[in-house]
Amino acid sequence: MRRYRLAAVAVLGMAVVLLGVLFVGNINGNLVYFLTPDEALAQRADFADDRRFQIGGLVQQDSVESTPDGLRFIVVSGTEPGAAAVPVAYEGSPAQLFRPGIGVVLEGSWNGETFDADTMIVKHDENYRAPDADPTPAPGSAP
């Protein structure tokens, strides 16, 4: 009887470890790691030889230009003056929600001073805002 109990505990322990490994592995596969413009500029030497990485930041206002192959714009660390800025050449169609001032995560590599990207993820918040109702009250309704 004791031998069966020991075997059951060993099998249960192995199952818990296996489930833990599968769970942690799936979480890591769904995470998106990226460098901020500050970090990307500081670590530029580490990403030589067309090594791909992801960079994330805000699209600078008034920096978006259309090109025959896609877009050119600047990604900044923040909205404060003097924030680190990285010029980006994006090849392809931009994401539907893409616009100046929005957060983006781009994947690509350095090409001189410019970050050449071919993948774009647009960051948006999870808050739904219903369209504003008509501010004029209906006649005869109480305020």
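Before any of the text, the structure's been laid out above.
Here is a short report on the structure shown in this document. (Residues numbered from 1 in each chain as written. Predicted model: local features only at pLDDT ≥ 70, side-chain atom pairs only at ≥ 80, totals over all residues. Heavy atoms only, no water.)

1. Description of the packing of aromatic side chains
Centre distance and the angle of the planes are the two values used to describe a pair of aromatic rings.
Part 1: Under the definition given, this model contains five aromatic pairs.
Part 2: Summarising the aromatic geometry, the rings of Phe53 and Trp110 are spaced 6.1 Å apart at their centres and angled 45° between planes, so their arrangement reads as tilted. Of this pair, Phe53 sits in strand 1 (residues 53-59) while Trp110 sits in strand 5 (residues 103-111), placing them 57 residues apart in sequence. As far as the burial class goes, Phe53 and Trp110 line up, both buried.
Part 3: The interplanar angle of 55° and the centroid separation of 5.1 Å between the aromatic rings of Phe73 and Phe98 together place this pair among those described as tilted. (Phe/Tyr/Trp six-rings, centres within 6.5 Å; stacked < 30°, edge-to-face > 60°. Helix = DSSP H or I, 4+ residues; strand = E, 2+ residues; numbered from the N terminus. Buried < 20%, exposed > 50% of the residue type's maximum accessible area, 1.4 Å probe, protein only.)

2. Comments concerning the pattern of salt bridges
Part 1: Taken as a whole, this structure holds three salt bridges when the rule is applied.
Part 2: Linking Arg44 and Glu113 is a salt bridge whose minimum nitrogen-to-oxygen distance equals 3.6 Å. Highlighted residues: Arg44 in the loop between helix 2 (37-42) and strand 1 and Glu113 in the loop between strand 5 and strand 6 (114-123), separated in sequence by 69 residues.
Part 3: Residue classification places Arg44 among the partly exposed residues on the basis of a relative accessible area of 24%.
Part 4: Residue classification places Glu113 among the exposed positions, given a relative accessible area of 57%.
Part 5: Linked through salt bridges whose partners overlap, the residues forming this network are Arg52, Glu107 and Asp118. (Salt bridge = Lys/Arg side-chain N within 4 Å of Asp/Glu carboxyl O.)

3. Notes on the pairing of strand 4 (residues 85-91)
Part 1: Sheet topology note: the strand 3 (residues 70-76)/strand 4 ladder contains seven bridges and is antiparallel. Bridge pairing in strand 4 places Phe73 opposite Val88.
Part 2: Sheet analysis places strand 4 next to strand 6, joined by three bridges and oriented parallel. From the neighbouring strand, Tyr90 faces strand 6, where its bridge partner is Ala117. (Pairing = 2+ DSSP bridges.)

4. Structural notes on the layout of surface pockets
Part 1: Roughly 190 Å³ of volume is contained in the largest pocket.
Part 2: Lining of the largest pocket is provided by 15 residues; of these, Ala89, Tyr90, Glu91, Asp116 and Ala117 occupy positions nearest its centre.
Part 3: Secondary structure elements with two or more residues in the lining of the largest pocket: strand 3, strand 4, strand 5 and strand 6.
Part 4: The class makeup of the residues in the lining of the largest pocket is five nonpolar, three polar and seven charged.
Part 5: If you go around the second largest pocket, you meet 13 residues; those closest to its centre are Gln60, Gln61, Val76, Gly78 and Thr79.
Part 6: Considered class by class, the residues forming the lining of the second largest pocket number six nonpolar, six polar and one charged. (1 Å grid on protein atoms, 1.4 Å probe; cavity = no way out; pocket = protein on both sides within 12 Å on 5 of 7 lines; lining within 4 Å. Points joined across faces, edges and corners; volume = space filled by probe spheres on them. Nonpolar A, V, L, I, M, F, W, Y, C, P; charged D, E, K, R; others polar.)

5. Structural notes on the side chain of Ser63
Part 1: Take Ser63: it is sitting in the loop between strand 1 and strand 2 (65-66).
Part 2: Residue class for Ser63 comes out buried when judged on its relative accessible area of 9%.
Part 3: Among the polar contacts made by the side chain of Ser63, one reaches the main-chain carbonyl oxygen of Gln60 at a distance of 2.7 Å.
Part 4: Contacts of Ser63, omitting those with residues within four sequence positions, involve Arg72, Phe73 and Ile74. (Polar contact = N/O pair within 3.5 Å; in protein donor to acceptor, adjacent residues only side chain to side chain. Contact = heavy atoms within 4.5 Å.)

6. Focus: the side chain of Ser109
Part 1: Relative to the helices and strands, Ser109 resides in strand 5.
Part 2: Discounting residues that sit within four places of it in the chain, Ser109 has contacts with Asp50, Arg51, Arg52, Thr114, Phe115 and Asp116.

In short, geometric facts, not functional conclusions.
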